[in-house]
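Structural description and commentary
Now for the letters of each chain:
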2 protein chains.
Amino acid sequence: MEIITVVPFLTMAKKVLIVFAHQSSGSFNAAAKSAAVEVLAAQGCTVEVSDLYAMNFKAAATAEDIKGDVKDAEHFRYQEETRLAWEEGRLAEDITAEQTKLSEADLVIFQFPMYWFSVPAIMKGWIDRVLTCGFAFTKEKRYSQGLLKEKKAMLSFTTGSLESMFSSTGMNGDMNVTLWPIQNGILHYCGFQVLPPQVFWAPSCASPEARTAMLEGWRSRLQGLLEEKPLSFISLDCFDPKSFQLTPDVQEKHASQEFGLTVGIHLGKPLPPQNQMKAGC
Amino acid sequence: MEIITVVPFLTMAKKVLIVFAHQSSGSFNAAAKSAAVEVLAAQGCTVEVSDLYAMNFKAAATAEDIKGDVKDAEHFRYQEETRLAWEEGRLAEDITAEQTKLSEADLVIFQFPMYWFSVPAIMKGWIDRVLTCGFAFTKEKRYSQGLLKEKKAMLSFTTGSLESMFSSTGMNGDMNVTLWPIQNGILHYCGFQVLPPQVFWAPSCASPEARTAMLEGWRSRLQGLLEEKPLSFISLDCFDPKSFQLTPDVQEKHASQEFGLTVGIHLGKPLPPQNQMKAGC
C-alpha cells in the first residue's frame, strides 16, 4: 500500500516549464498552453510559463548578456564569454532567471507557431541565450551525456500547412527532417529526453469543431505525458571519442539493417520512418 | 567584339546584399564578410551590408511591425496582419528598408556563425520579419514560383564542429539534413536560386594559417560566384496543385532510382548525397 501512495506523490511533485511564444492571448497556441497549464496543474504539477512576447524577451545574443567586463572585447566570442560569465555568476538577470526555472523543471514544453520551418526568432533567442555552455552542455557532456539529461523536453507547435504537405512526397518534405536539427541539435544536444512532438496541423484552416478536437486530443495526451517514452537517439558511447564517428563496431552491427540509425545519422540508408515523430522508431 | 564588352557590363551591374550577424568586427565572420565586400566590389558589384547587431535589428515579430491599427488585435495573426500591412504600405520602417535593399539585390549572402544548428536569433528575426507574405511569397507563388525567383541567395557560415562530425556517420549527423529546413524552407520557399553554401569548418579550432587559407578559398570562390549553378530543388509543376503531393507521374518516373529526389522529398529512399551542399546533386 505504501508503494501505491508513493507513486502518485512523485508524479505530483513534478515541475513543468512552458516556454511560450505567441503574441496573442486569443490564439490557438495560447489555448494549447492554457490546456497544458490546467491539465498538468490538476495532476499536481507545478507549472511555470515563460511568456516570451509578454516578457519582451531579448532575442539577440550580445555582450550585454554579460555583467562586467568581457574577456576579449575585440574578438568577442559569445559562447566562450558566456561560459565564463556563467561560471562567475555574471550572466544577465533575465538569462539567470530562465536558467533557474529550467534547473528546477522536470519537463520543458516549447509551445509556438512554426515560423519558417523552425521556432520564431524570440524563441530562438531563448535557446541561444539560456542554454549556456557550462550550464546546459560542455564539449565532454553533450548528447546522451548532456547536462540536462535528467529532464524531459518537447516541442508543441502549430503549422500553417496540412500534415500531408510535410511528408516524404509532399511539397514541404518530411517533417522528420525539419525536426531533426531542433530535436537533435538543440534538445538532445543538451541531454534532454525528447518526448514526441505535439503537432497541431494547420489549425487556422480547420473548423471550430476540428480545433476543439485538436485541443481535446492534447488534453488527453497531457494526462499521461510525464510517463511517455522519449524519442530514440544514439548514445554517446556509440561514437569514437576522438573522431566523433560511429564506432566500427556499431556500424558493422547496423550494416544489414534496412534503415539508418536516425534521421541525421542515416549511414546512407533510407531514414527510419517517423524517427523524430514517434517513440521507438 | 560588342558582345564581349556587354557581358562584363552586365556582371558589373549586379547588386549584392550581405545580411551579416556577428557581434565583433574582429571575428572570422567579419573577415569573411569583408572579403565578400572587397572581391565583389572589385568586380563592379554594388554591395550593401545589413550588419544586424550594429543596427540593433529587432528580432521579435510583434504588432509593432505594423503602423496603425491591426485588423484583429485579439486574435493577432502575424503573417496575415503583415501581409495586409505590406499591401497598404504600413510595415515598420526597418522592415521596409530591408525589403527595399532586398528588392534591388541580385544576390543575397547570409553570413553568420551557426548557432544551435541554425542561424542566430537576430538573423531568424530578419527572416521572420522581412520575408513578408505578399512580398516574398504567396500561397500560389512559392518554391520555384516564389516571388524572389529572379534572385540568388546563399548561406555562408562558420561551425564550431569539424566537417567529419557533420556526416551521416558523425555525431552531429549529415549537414545536408541540417541545411534542408533553411535552404528549402526559407530560401527556396521564396523562390531564391540557392547557391551551394560556403561552410567554414571550425575556424576557431584552426591555426592562423588554416584560417587564412579558408578566407583565400572564399575569395577565390567569390570571383566566379555570380556565375555558379544553384542547388537542385523540385519544380512546383511536379506537385499536384490540390494535394501538394508529387504527381503520380513524377513518382513513377523516379521509382527505379537509387536515391530520393531531395533531402526532404526523399520518397523513402536514401538521401541524394550532398544534395544541399553541391550543385547538380
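Residues numbered from 1 in each chain as written. Chains lettered and ligands numbered in written order. Predicted model: local features only at pLDDT ≥ 70, side-chain atom pairs only at ≥ 80, totals over all residues. Heavy atoms only, no water.

Let us now look at the overall build of chain A. Helices and strands together make up the secondary structure of chain A, namely 8 helices and 6 strands. Going residue by residue from the N terminus, the α and β elements of chain A occur as α-β-α-β-α-α-β-α-β-α-β-β-α-α. Scaling as 2.2 N^0.38, a compact globule of 281 residues should have a C-alpha radius of gyration of about 19 Å, and chain A matches this with 20 Å. Viewed in the frame of its principal axes, chain A has a C-alpha envelope of about 55 × 55 × 50 Å. A burial count over chain A gives 56% of its 281 residues as buried. Sequence separation of at least 24 residues holds for 72% of the intrachain contacts in chain A that already meet a minimum separation of 6. Split by element, the accessible area of chain A, about 11,700 Å² in all, is 55% carbon and sulfur. On chain A, the mean spot of the 26 positive side-chain charges and the mean spot of the 32 negative ones are 2 Å from each other. (Helix = DSSP H or I, 4+ residues; strand = E, 2+ residues; numbered from the N terminus. Rg over C-alpha atoms; globule rule 2.2 N^0.38 Å. Buried < 20%, exposed > 50% of the residue type's maximum accessible area, 1.4 Å probe, protein only. Contact = heavy atoms within 4.5 Å. Areas by Shrake-Rupley, 256 points an atom, 1.4 Å probe, with all protein chains shown as cover. Lys, Arg positive; Asp, Glu negative; His and termini not counted. Charge placed at Lys NZ, Arg CZ, Asp CG, Glu CD.)

Take the nonpolar core next. Ranked by internal contacts, the top residues of the largest apolar core, which has 138 residues, are W126 of chain A together with W126 of chain B. Not counting chain neighbours up to four residues away, the residues in contact with W126 of chain B comprise L17, V19, L52, F57, E98, L102, F110 and L131 of chain B. One finds A30, I109, M154 and W218 of chain B within the second-largest nonpolar core, a separate group that totals 22 residues. (Core = buried A, V, L, I, M, F, W, Y, C linked by side-chain atoms within 4.5 Å.)

What follows deals with the relation of the copies chain B and chain A. Superposing the two chain copies requires a rotation about an axis and a translation along that axis. Take chain B, turn it by 180 degrees, move it 0.0 Å along the axis, and it overlays chain A with an RMSD of 0.0 Å. Interpreted geometrically, this transformation is the action of a two-fold axis. Relative to the rotation axis, the closest C-alpha in chain B is found at P270 of chain B, a distance of 2.1 Å. Mapped onto chain A, 100% of the interface residues of chain B are again interface residues, and the two copies thus contact each other with one and the same surface. (Least-squares fit on C-alpha atoms with pLDDT ≥ 70 in both.)

Residue and element names in this part refer to chain B. Examined against the element boundaries, R221 turns out to sit in helix α7 (residues 208-223). The exposure class of R221 is buried, given its relative accessible area of 15%. Sequence-distant contacts of R221, defined by excluding residues within four places in its chain, comprise M154, L195, P196, P197, Q198 and E228.

The subject of this paragraph is the environment of P196 of chain B. Residues and elements named next belong to chain B. Here P196 shows up in the loop between β5 (193-194) and β6 (198-200). P196 sits in the buried class, given a relative accessible area of 10%. Distance from P196 to K67, taken between C-alpha atoms, is 37 Å for residues 129 residues apart in sequence. Apart from the residues lying within four places of it in its own chain, the contact partners of P196 are M154, R221, E228, K229, L231, M277, K278 and A279.

On to the interface of chain B and chain A. In many reports, interface size means the accessible area that the parts give up when they come together. Listed per partner, the contact involves 67 residues of chain B and 67 residues of chain A. Between chain B and chain A, roughly 5,300 Å² of surface is buried when both sides are summed, and carbon and sulfur atoms account for 63% of that area. Considering only the surface of chain B that becomes buried against chain A, W116, T169 and M171 of chain B emerge as the three largest contributors, covering 17% of it. Counting across the interface, chain B meets chain A through 0 salt bridges. (Buried area = accessible area lost by both parts, 1.4 Å probe. Salt bridge = Lys/Arg side-chain N within 4 Å of Asp/Glu carboxyl O.)

Let us look at the UniProt feature "domain: Flavodoxin-like fold" (unreviewed entry) in chain A. According to UniProt, the "domain: Flavodoxin-like fold" (unreviewed entry) feature falls on residues 14-221 of chain A. What you have in residues 14-221 of chain A is 36% helix and 15% strand, and the ends, taken at the C-alpha atoms, are 17 Å apart. (UniProt positions renumbered as here; feature names shortened; annotations may be inferred.)

Okay, helix α6 (residues 175-187) of chain A next. All names here are of chain A. The end-to-end C-alpha separation of α6 is 17 Å, in line with the 18 Å expected for 13 residues at 1.5 Å each. Within α6, 13 of the 13 residues are buried, which leaves the element mostly enclosed by the surrounding structure. Two to three positions downstream of the cap, the backbone nitrogen of N176 sits 2.8 Å from a side-chain oxygen, assigning the N-cap of α6 to D174. (Expected span 1.5 Å × (residues − 1). Polar contact = N/O pair within 3.5 Å; in protein donor to acceptor, adjacent residues only side chain to side chain.)

We now examine helix α5 (residues 121-130) of chain B. Helical periodicity: at 3.6 residues per turn, an α-helix aligns residues three or four positions apart in one direction. The element α5 of chain B is largely enclosed, with a buried count of 10 among its 10 residues. A121, I122, M123, K124, G125, W126, I127, D128, R129 and V130 of chain B are the residues of α5 of chain B that are buried.

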